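Here is how the chains run, residue by residue.
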Amino acid sequence: MTTYDDRASLADLTTTAERIRQSVESVIEGKPEVVRLALTVLLAEGHLLIEDVPGVGKTMLAKALAKSIDCSVQRIQFTPDLLPSDITGVSIYDQQTHEFEFKPGAVFAQIVIGDEINRASPKTQSALLESMEERQVTTDGKTYRLPSPFMVVATQNPVEMEGTYPLPEAQRDRFMARVSVGYPSPEAELEMLDVHGGQSPLDDLAAVAHAHDILKLIDAVREVYVAQPVRRYIVDLVSATRHHPELRLGASPRATLHLLRAVKASAALAGREYVLPDDVQALAAPVLAHRLLPTAQAQLSRRTSEQVIAEILQRTPVPAATARGEQPPGADVRGF
């Protein structure tokens, strides 16, 4: 049980998060919004999907985040011949004890880096489903708990690339957010040549936070207040994706929970004990877009999920009483 003395204050959260941010940004040049989203997902107890073309630093971002925290890290290189047991583990017969002994797989770590996850078959990808949702692995009738905190940071190439498989809908839905790193600006790329030209910046990267610090920060994020109008706003946005004519699959109830947790973490990183509608608007696309499936006609019209979400944001009324931080009559004192 977490006691009052064990809880991290909002000041502790922002201080620790700033140290992690600076550490990761020393490796990833010119992408502060990407680093912030990765931190948001970490503190919201989610999993991050990094999707982009090869060579833009997807794996570097995942490694930098993992190395900035003093916790156990495992990297899985997903290949077409990778088996589910390589991820979850396998039971091996011990001839001395005449019993089966479970050998944990690579998923038994606090931060799991899944590199090029969509190069493995859907069967192998599905080996992560139970781990990502329930923080456990069940094999041979036995259940094994995973360490805490637990986060999967997966990278994938666009599905148009050679030798890739599309992620199953159930797999995508378990990732809290998707982010694209994108190409750096010319200034950031020039700085990258100066900093990374001699050796990998990961070599000198040291941990700036511990696993128990992250657990305290996660507890602090859970205490962030979300007013009822903002909760209704989240539900309205997610519900609108289920009835949009250009989408054949909308966001799930899990997406609603993920968006709520993400905006609480985002507010905490901003130094606030309450969530604003602006937090919801900023995270709607990263949290919802990868879960949506456009109709065939929308795909022919080159309409993306992000464009549909932008349209929904424009059409959905913003809570008037909380739009500028006013406190509604009778609201909780932690609110606005």
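Here, the structure is the one placed above.
Quick summary incoming for the structure in this document. (Residues numbered from 1 in each chain as written. Predicted model: local features only at pLDDT ≥ 70, side-chain atom pairs only at ≥ 80, totals over all residues. Heavy atoms only, no water.)

Some remarks on the pairing of strand β5 (residues 99-104)
Threshold: Two strands form a pair only when DSSP identifies at least two bridges running between them. Note on conventions: DSSP H or I runs of at least 4 residues are helices, E runs of at least 2 residues are strands, and numbering of each starts at the N terminus.
Direction of pairing for strand β4 (residues 89-94) relative to β5: antiparallel, over a ladder of six bridges. Paired with Val90 across the bridge in β5 is Lys103. Joining the antiparallel neighbours β4 and β5 is a turn of four residues, in which His98 adopts a positive phi near 55°.

Some words on the packing of aromatic side chains
What counts here: Centres within 6.5 Å are what make two rings of Phe, Tyr or Trp a pair, Trp counting through its six-membered ring; a difference in plane orientation under 30 degrees is then read as stacked, over 60 as edge-to-face, and the rest as tilted. Burial classes follow relative accessibility: with a 1.4 Å probe on protein chains only, a residue under 20% of its type's maximum area counts as buried, one over 50% as exposed, and anything between as partly exposed.
If you walk through the whole model with that rule in mind, you get three aromatic pairs. Look at Tyr93 and Phe100: their rings are 5.2 Å apart centre to centre, the planes differ by 65°, and that puts the pair in the edge-to-face class. By relative accessible area, which is 40% here, Tyr93 ends up partly exposed. By relative accessible area, which is 60% here, Phe100 ends up exposed. Taken together, a centroid distance of 5.8 Å and an interplanar angle of 65° make the contact between Phe102 and Phe108 edge-to-face. Following the ring pairs from residue to residue traces out a cluster consisting of Phe102, Phe108 and Tyr144.

Observations concerning the pattern of salt bridges
Pairing is possible between side chains that carry opposite charge, provided their charged atoms lie close to one another. The criterion, for reference: Here, a salt bridge means any side-chain nitrogen of Lys or Arg that lies within 4 Å of a carboxyl oxygen of Asp or Glu.
Enumeration according to the criterion identifies 16 salt bridges in this entry. The partner of Arg119 in a salt bridge is Glu116, and the shortest N-O contact between them spans 3.3 Å. Taking the relative accessible area as the measure of exposure, Glu116 reaches 21% and is therefore partly exposed. A salt bridge links Glu246 to Arg303, with the nearest nitrogen and oxygen atoms 2.8 Å apart. Of this pair, Glu246 sits in the loop between α10 (228-242) and β12 (247-249) while Arg303 sits in the loop between α13 (296-300) and α14 (305-315), and the two are 57 residues apart along the sequence. Through salt bridges with shared partners, a single ionic network connects Glu133, Asp173, Arg254 and Arg291.

A word on the layout of surface pockets
For clarity, the threshold we go by: Cavities and pockets are found on a 1 Å grid laid over the protein atoms alone: a cavity is a set of points where a 1.4 Å probe fits but cannot escape, a pocket is an open set with protein on both sides within 12 Å along at least five of seven lines, and a lining residue has an atom within 4 Å of such a point. Grid points are joined across faces, edges and corners, and a volume is the space filled by probe spheres set on the points. Each residue is assigned to one of three groups, with Ala, Val, Leu, Ile, Met, Phe, Trp, Tyr, Cys and Pro labelled nonpolar, Asp, Glu, Lys and Arg labelled charged, and all others, Gly among them, labelled polar.
Volume-wise, the second largest pocket comes out at about 410 Å³. In this structure, the second largest pocket is lined by 23 residues; those nearest its centre are Glu45, Gly46, Glu133, Arg135 and Arg261. Taken together, the elements giving at least two residues each to the lining of the second largest pocket come down to α6 (129-134), α9 (211-222) and α11 (253-269). Looking at the lining of the second largest pocket residue by residue, the classes come out as ten nonpolar, four polar and nine charged.

Considering the sheet that holds strand β3 (residues 73-77)
Counted only if it meets this: Here the axes come from fitting lines to C-alpha atoms, over the contacting stretch only for helices, and the angles between their N-to-C directions go from 0 to 180 degrees.
Taken together, five strands build an open sheet; the order of strands is β3-β6-β9-β1-β10 and the sheet is parallel. The two strands at the open ends of the sheet, each matched to only one other strand, are β3 and β10 (177-179). Sheet twist, expressed as the mean angle between neighbouring strand axes with direction ignored, is 15°. In terms of strand pairing, strand β6 (residues 111-115) meets strand β9 (residues 151-156) through four bridges, oriented parallel. Pairing of Ile111 across the sheet is with Met151, part of β9.

Topic: the nonpolar core
As a reminder, the rule being used: Residue types Ala, Val, Leu, Ile, Met, Phe, Trp, Tyr and Cys, when buried and joined through side-chain atoms within 4.5 Å, form a set referred to as a nonpolar core. Contacts are residue-level and defined by heavy atoms, with any inter-residue pair within 4.5 Å sufficient.
Membership of the largest hydrophobic core comes to 73 residues, with the highest contact counts inside it found for Leu259 and Val280. The greatest single-element share of this core, amounting to nine residues, is contributed by α11. Contact partners of Val280, with chain neighbours within four places excluded, come to Val230, Tyr233, Ile234, Leu237, Leu259, Val263 and Val275. The next biggest cluster of nonpolar side chains, apart from the first, holds 21 residues, and it includes Leu82, Ile87, Val112 and Ala127.

Regarding the environment of Arg303
Relative accessible area serves as the criterion here: at 24%, Arg303 is assigned to the partly exposed category. Sequence separation of Arg303 and Thr79 is 224 residues, and the distance between their C-alpha atoms is 31 Å. In contact with Arg303, other than residues within four places in its own chain, are Glu246, Pro294, Ala298, Val308 and Glu311.

Points about empty space enclosed by the protein
Gaps left between atoms show up when a probe the size of a water molecule is rolled over them. For the coordinates displayed, the defined rule picks out one cavity of 30 Å³ or more. The computed volume of the largest cavity comes to approximately 40 Å³. Lining the largest cavity we find Leu237, Thr241, Ala284, Leu288, Ile309, Ile312 and Leu313. Here the element with the most residues in the lining of the largest cavity is α14; it accounts for three residues. Here the lining of the largest cavity is composed, by residue class, of six nonpolar, one polar and no charged.

As for helix α3 (residues 58-67)
Of all the ten residues making up α3, seven are buried; the element is thus mostly covered by neighbouring parts of the structure. Lys58, Thr59, Leu61, Ala62, Ala64, Leu65 and Ala66 are the residues of α3 that are buried.

Quick word on the side chain of Gln156
For Gln156, the position within the fold is in strand β9. Judged by its relative accessible area of 5%, Gln156 falls in the buried class. What Gln156 contacts, discounting residues up to four positions off in sequence, is Leu49, Ile50, Glu51, Asp52, Lys58, Glu116, Ile117, Asn118 and Leu167.

Notes on the environment of Phe78
Counting through the fold element by element, Phe78 comes out in the loop between β3 and α4 (84-88). The class for Phe78 is buried, based on a relative accessible area of 1%. Along the primary structure Phe78 and Thr155 are separated by 77 residues, whereas in three dimensions their C-alpha atoms are 9.8 Å apart. The residues contacting Phe78, other than those within four sequence positions of it, are Ile87, Gly114, Asp115, Glu116, Ile117, Arg119, Ala120, Thr124 and Leu128.

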